[in-house]
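Here are the chains, one letter per residue:
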Amino acid sequence: MALSKLISVAMEVGVAGSADMGATITDGTTTFLGVVTSILNFVTTNPLLVILLVGGTFVPLGIGLFKKLKKASK
């Protein structure tokens, strides 16, 4: 439901013109952040998805940062 609202808000930007553009952008951003929050809540309540999130994003970032720091110290 939130995704369909996001799409409709995006379509309104072209129709509304400059008069309501600020309100439309704010509403679209709020809707988008709501969708992102829902996804993060879903991921963090599922232990398997948390492991995949940590293992697939944070561990490689940490390894890359450690390699860059090690290389910079030489």
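Keep in mind it's a predicted model, so treat the numbers as computed, not measured.

Hey, could you run me through a nonpolar patch on the surface in this one?
On the surface, L53, V54, F58, V59, L61 and I63 cluster together into a nonpolar patch covering about 520 Å² of accessible area. Counting through the fold element by element, L53 comes out in helix α3 (residues 47-72). For L53, a relative accessible area of 31% gives the class partly exposed.

Can you help me understand helix α2 (residues 21-44) in this one?
If you check α2, its first and last C-alpha atoms are 34 Å apart, about what 24 residues at 1.5 Å a residue would give, namely 34 Å. When we look at burial in α2, the residues that qualify are T24, G28, T31, V35 and V43.

Which parts of the structure should I look at to understand α3?
Because each turn of an α-helix spans 3.6 residues, side chains separated by three or four positions in sequence point in the same direction. End to end, α3 covers 36 Å across 26 residues, agreeing with the expected 38 Å (1.5 Å per residue, within 8%). Roughly 30° is the biggest bend found in α3, and it falls at G55. Of all 26 residues in α3, zero are buried, a share of ten percent or less.

Where do I start with the confidence of the model for the protein chain in this structure?
Reading predicted coordinates in detail is not appropriate for stretches of low pLDDT. Chain-level statistics for the protein chain give a pLDDT mean of 82 and a share of 80% at 70 or above. Per-element confidence in the protein chain is highest for α3, whose mean pLDDT is 90, and lowest for helix α1 (residues 2-16), whose mean pLDDT is 65.

Just to check I follow, could you spell out the environment of N46 for this structure?
Its place among the elements puts N46 in the loop between α2 and α3. N46 gets classed as partly exposed once you look at its relative accessible area, which sits at 27%. Here the side chain of N46 touches L48 through a polar contact of 3.2 Å, landing on its backbone nitrogen.

Parameters and conventions
- Residues numbered from 1 in each chain as written.
- Predicted model: local features only at pLDDT ≥ 70, side-chain atom pairs only at ≥ 80, totals over all residues.
- Heavy atoms only, no water.
- Patch = residues over 30% accessible without salt bridge, like charges linked within 9 Å, V, L, I, M, F, W, Y side chains within 5 Å.
- Areas by Shrake-Rupley, 256 points an atom, 1.4 Å probe, with all protein chains shown as cover.
- Salt bridge = Lys/Arg side-chain N within 4 Å of Asp/Glu carboxyl O.
- Helix = DSSP H or I, 4+ residues; strand = E, 2+ residues; numbered from the N terminus.
- Buried < 20%, exposed > 50% of the residue type's maximum accessible area, 1.4 Å probe, protein only.
- Expected span 1.5 Å × (residues − 1).
- Bend = angle between axes of the 7 residues up to and from the residue.
- pLDDT = per-residue confidence, 0-100.
- Polar contact = N/O pair within 3.5 Å; in protein donor to acceptor, adjacent residues only side chain to side chain.

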